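# Secondary and tertiary structure notes
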Amino acid sequence: MKQKMERLLHADEIECRIGTISDKGLSLLLYKDARADMKILDEIYGANNWQRRHEVISGCLYCVVSIWDDEKQQWISKMDVGTKSKAEMEKGESSDSFKRACVNWGIGRELYTAPFIWIGASKVGIQKKEDKYVTYDKFQVSAISYNENREIAGLTIINQEGRVVYSLIERSAKKDSNTAAPTEGGMAERIQKELERTGVALDAVLQRYGVGSIAEMDESTCRKAINSLKRTKTKVA
């Protein structure tokens, strides 16, 4: 079997899940589901040339995804462990282990290069229920592009009304050390923590530095934003 390059995920194969939410806005995480994995395995290798099985090792459920190698006349396998979900625990663990095993084959690995996705409160309906914030808005990826390194370079997310709530302008893979993505070193997460501590609106920070999202901020700008926020007092609870 000659090494095949799994194709990159299409926009309609990527799901959005809320990471954190507050009165200031919310963050989104990108993920794929098991149906996308099965579709790509069928497409790349053929429906009869791959298989999956599950094994319990030290009390944990693993999935083994095997692909037939014509040249070696044998199955080549890769495996990973799953985690239980809150609903349908066994089914969730089985599905999660399968998806993780597929990542070992390269399917959806590009999602790990996703930028920090923040949507300000002005673009989403947020309500407070008891002691937590919730939203009933739905989000989907309407467009995505990749660079030559198979990294996410451009990204557009819309809500249930078709309105754009997040847009990442296409970025090149060829960057020098002074323009590293802000997600490196956890800078985006550090900015978010400071925003939550101070109560400062993300939109105000983005406007100050003339960017549309944290992902568009270079390392130098991120450091300036973090240092500025650190000098801001903690909001009153």
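Predicted model only: the values in this text are computed from it and were never measured.

### Examining the pattern of salt bridges
Applying the stated rule across the entire model yields eight salt bridges. The residue Arg 197 makes a salt bridge to Glu 194 at a minimum N-O spacing of 2.8 Å. Remark: Glu 194 and Arg 197 occur in helix H3 (residues 187-198); sequence separation between them is three residues, near one turn of the helix. A residue is classified by how much of its surface remains accessible, and Arg 197, at 25% relative accessible area, is partly exposed. Look at Glu 194 and you get buried, because its relative accessible area is 15%. When salt bridges with common partners are traced through the structure, they connect Arg 7, Glu 13, Lys 39 and Glu 43 into a single cluster.

### A closer look at the sheet that holds strand S5 (residues 74-81)
Spatially, three strands are ordered S3-S4-S5 in an open sheet, and the strand pairing comes out antiparallel. The open sheet is flanked by strand S3 (50-57) and S5, the only strands paired with a single partner. Strand-to-strand twist across the sheet, computed as the mean angle between neighbouring axes with direction ignored, equals 25°. Relative to S5, strand S4 (residues 60-69) runs antiparallel, the two being bridged by eight bridges. If you follow Ile 67 over to S5, its bridge partner there is Ile 76.

### Quick word on the packing of aromatic side chains
Remark: the centre distance and the inter-plane angle together describe each pair of aromatic rings, the angle taken between the planes. A full pass over the atoms with the stated rule returns four aromatic pairs. Plain terms: the ring middles of Tyr 45 and Trp 105 are 6.4 Å apart, the flat faces sit at 65° to each other, and that makes the pair edge-to-face. Highlighted residues: Tyr 45 in helix H1 (residues 34-45) and Trp 105 in the loop between helix H2 (89-104) and strand S6 (117-120), separated in sequence by 60 residues. Taking the relative accessible area as the measure of exposure, Tyr 45 reaches 7% and is therefore buried. Taking the relative accessible area as the measure of exposure, Trp 105 reaches 7% and is therefore buried. An angle of 25° between the planes, with centres 6.2 Å apart, marks the rings of Trp 50 and Phe 98 as stacked. Placement of the pair is Trp 50 in strand S3 and Phe 98 in helix H2, with a sequence separation of 48 residues. For the pair Trp 50 and Phe 98, a shared accessibility class is recorded, and that class is buried.

Basis of the calculations
Residues numbered from 1 in each chain as written. Predicted model: local features only at pLDDT ≥ 70, side-chain atom pairs only at ≥ 80, totals over all residues. Heavy atoms only, no water. Salt bridge = Lys/Arg side-chain N within 4 Å of Asp/Glu carboxyl O. Helix = DSSP H or I, 4+ residues; strand = E, 2+ residues; numbered from the N terminus. Buried < 20%, exposed > 50% of the residue type's maximum accessible area, 1.4 Å probe, protein only. Pairing = 2+ DSSP bridges. Axes fitted to C-alpha atoms, helices over the stretch in contact; angles between N-to-C directions. Phe/Tyr/Trp six-rings, centres within 6.5 Å; stacked < 30°, edge-to-face > 60°.

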